[in-house]
Amino acid sequence: MPISLLSAAQIGGLSAAQIGVLSTSDVASLSRTQVGALSATALEALNPAQAGALSGEQVRGLTAAQIPHLQALSFNAGQLMVLNGTQLKGLSAVQVASFDAAQLDVLAATQIAGLGATNFQALSATQIAGLADTQIQAIGLPEMRGLTAGDMGEFSDAQLSLLSSTQLAGLTGTALGALSATQWSALSVDQVAGLSAAALGSFTQVGRIGTTQLAGLGASQIRALSATAAGALDAGQIGALSATQVSALTATSLGALSGTTLGLLSTTQVQALTGAQLRALSTDKVAGLSSTQVAAFSAVQIGGLSIDNFAALGSTLIAGLSTTQIGGLTGAQLGRSTVSAIAALTTTQIGALSAGQAGLISDAGLAAFAASQLQALSATQFTGFTATQMRGLSATSLGGLTTTQVGGLAPLQIGRLSSTALGALSAGQAGVLSASQLAALTTRQTQGLSATAVGALSTTQLGALSASQLGAVSGEALSGLDAAHMSSLSGYQLGGLTTTQLSGLSGADFAELTASQIGGLASSQIGALSTTVIAALTATELGALTTSQIPGLTTSQVEALTTTSLAALTPDQLGAFTPAQALHFQA
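One structure accompanies this document, and this report is about it.

Calculation notes
Residues numbered from 1 in each chain as written. Predicted model: local features only at pLDDT ≥ 70, side-chain atom pairs only at ≥ 80, totals over all residues. Heavy atoms only, no water. Helix = DSSP H or I, 4+ residues; strand = E, 2+ residues; numbered from the N terminus. Buried < 20%, exposed > 50% of the residue type's maximum accessible area, 1.4 Å probe, protein only. Contact = heavy atoms within 4.5 Å. Areas by Shrake-Rupley, 256 points an atom, 1.4 Å probe, with all protein chains shown as cover. Lys, Arg positive; Asp, Glu negative; His and termini not counted. Charge placed at Lys NZ, Arg CZ, Asp CG, Glu CD. Phe/Tyr/Trp six-rings, centres within 6.5 Å; stacked < 30°, edge-to-face > 60°. Core = buried A, V, L, I, M, F, W, Y, C linked by side-chain atoms within 4.5 Å. Salt bridge = Lys/Arg side-chain N within 4 Å of Asp/Glu carboxyl O. Polar contact = N/O pair within 3.5 Å; in protein donor to acceptor, adjacent residues only side chain to side chain.

Examining the overall build of the protein
Thought 1: Tallying secondary structure elements over the protein gives 69 helices and zero strands in all.
Thought 2: Taking the principal axes of the C-alpha coordinates as reference, the protein spans close to 175 × 45 × 25 Å.
Thought 3: Expressed as a percentage of the 587 residues in the protein, the buried residues total 43%.
Thought 4: In the protein, 76% of the contacts between residues at least 6 apart in sequence involve partners at least 24 apart.
Thought 5: Of the accessible surface of the protein, which amounts to about 23,300 Å², a share of 57% is contributed by carbon and sulfur atoms.
Thought 6: Averaged over its 12 positive side-chain charges, the protein has a centre that lies 11 Å from the centre of its 22 negative ones.

Some remarks on the packing of aromatic side chains
Thought 1: Enumeration over the complete set of coordinates arrives at three aromatic pairs.
Thought 2: Their ring planes at 85° and their centres at 5.0 Å tell us that F577 and F585 sit as a pair that is edge-to-face.
Thought 3: For F585, a relative accessible area of 28% corresponds to the partly exposed category.

Focus: the nonpolar core
Thought 1: Among the nonpolar cores identified, the biggest contains 160 residues, and F120, L176, W184, F310 and F510 are the most heavily contacted of them.
Thought 2: Every residue in contact with L176, bar those within four places of it in the chain, is listed here: L171, W184, L195, A199, L200 and F203.

Brief notes about the environment of M152
Thought 1: Structurally, M152 is set in helix α17 (residues 149-152).
Thought 2: Linking M152 and L241, residues 89 residues apart in sequence, is a C-alpha distance of 28 Å.
Thought 3: The residues contacting M152, other than those within four sequence positions of it, are L147, L160, L171, A175, A178, L179 and Q183.

Overview of the environment of G255
Thought 1: Note that G255 resides in helix α29 (residues 251-256).
Thought 2: Distance from G255 to S490, taken between C-alpha atoms, is 72 Å for residues 235 residues apart in sequence.
Thought 3: Setting aside its immediate chain neighbours within four residues, G255 contacts A280, L281 and K285.

A few points about the pattern of salt bridges
Thought 1: In total, this model carries two salt bridges according to the counting rule given.
Thought 2: As a salt-bridge pair, R32 and E57 come within 3.1 Å of each other at their nearest N and O atoms. Of the two residues, R32 sits in helix α4 (residues 32-37) while E57 sits in helix α7 (residues 56-60), which places them 25 residues apart along the sequence.
Thought 3: Put simply, R60 and E57 hold a salt bridge, and the shortest N to O gap is 3.2 Å. One end of the pair, R60, and the other, E57, are both in helix α7, three residues apart, so they sit about a helical turn from each other.
Thought 4: Salt bridges sharing common partners tie together R32, E57 and R60.

Observations regarding the side chain of Q437
Thought 1: Its place among the elements puts Q437 in helix α52 (residues 435-439).
Thought 2: Using a relative accessible area of 1% as the deciding quantity, one classes Q437 as buried.
Thought 3: Engagement of the side chain of Q437 in a polar contact is seen with the backbone oxygen of L409, the distance being 2.8 Å.
Thought 4: Setting aside residues up to four positions removed in sequence, Q437 forms contacts with V406, G407, G408, L409, P411, I414 and V432.

Some remarks on the environment of A477
Thought 1: By the secondary structure assignment, A477 is in helix α57 (residues 475-478).
Thought 2: Overall, A477 belongs to the buried group, its relative accessible area being 0%.
Thought 3: Measuring from C-alpha to C-alpha, the distance between A477 and S419 comes to 13 Å, with 58 residues separating the pair along the chain.
Thought 4: Not counting residues up to four positions away in its chain, the partners in contact with A477 are L449, S450, A451 and V454.

Considering the side chain of Q517
Thought 1: By secondary structure assignment, the location of Q517 is in helix α62 (residues 515-519).
Thought 2: For Q517, a relative accessible area of 7% corresponds to the buried category.
Thought 3: Only 2.7 Å separates the side chain of Q517 from the backbone oxygen of M486, close enough to count as a polar contact.
Thought 4: With near-sequence residues (within four places) excluded, Q517 lies in contact with M486, S487, S488, L489, L494 and E512.

What follows is the structure, given as structure tokens:
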């Protein structure tokens, strides 16, 4: 019975020995269904002649599971041409590796695309070298993703140049890293632009990328570069990056650039740096920036520098900042940078600070300002000064302020100055203080006023001081008052003068008081006058003493009264002396 009459089930039961005795014509007579029913053992038993007798139609009946068992199959052109994608994936690596150039040549582009990653990897360098251009261009993404470092070396430069950007996007970082410098140079800008960010992220041989290729990378690709790769960029490559690409570098990658490389960034590239990138720079790299690069920073970028990096610019670079850049300084930079960094600001820069910024300068930084720097501050800027800053002004600092600046200080600010600082007020500065400013002074502050400052006050200004304020002025400072000042004091103010202050008055000082003022003094205040003052009292001054004041005279004061003085007293005044005082009248 002809074998062609056997059922599929009967065909499937044939043994290897039975298959071995079939003639090529017997094999050729099998239907597609019968061939599809052959067991793995039966297929393995086919000799080359039998396998070669299979027609294209019969081969179409083979399943993917049967394909690997045709070890002896030479796969002629007709057979290979009919294999579908499922069958191709069923080929074993051994089978694929055994294909010669003629066999591979008959595979259509769609078949090459369906070989599968494992089978494609099984191709040797010789086999890959023999692939036609259309076959190379048909390699699918799964196959591309499966390429190993060793596989990449099997592609010629010409073949690599045929790959589309979509195909190249399937390469892994390992495969990409295996490309030689020559292979890299064969890639077009568009091809390189198609590389995946993931692959570039693990790619370290960045020196192989040409400047034109690098310039074609997108922001996501640049962002994917590792710090190691970014740190290896040379001068030509850095120069090829656009501002957008530079801004796409991660903060870590930018921080990995050497100081020398950073120094190569153009002003356009510098202007593209983000705050995060700038904060990632070490202080030594910031210090190495050129004046041209720093001058290119925007106000926002300057404000984005960390406290340490701002200070790292150094006095020269800080002094070179424009007034627009100064406007970007933050409170942290002004309040927490080193004193030397703040002290490096020029008078022009200081004048550009807003009142809010001025109020954020550290106490130490403000105290370190030279007179010229302080004088560059406007009245408006002074309004931003805090109580702490005002207390931090030294005598030297306050003494260096202009009269306009002093006159522009708010009463609250005046009230925050230290008594030591107030002691440095010049006559000109004291002369511009307003009544509200003087009224804001504490008794502790008036203790620090000098005779020069007190003497420079007008009678109107003096009238703004309360009794307690005036009573806190030192005796030395009180000596700065002239006749006009003394005579302008109200009874309320005189009542605030302490016995210590009165004891320091000279005869001339007391002589400047009017009879009404003298009569308004308390008996304890009269008792505090020195014997020199008492001895120098004129008849008019003695006549101003009230009968309630006279009992307050001390024994020494009574003894200091001369006969002429006693003769000038009225009977009521004489009658006010106590017997104990009268015992000390001089003969």
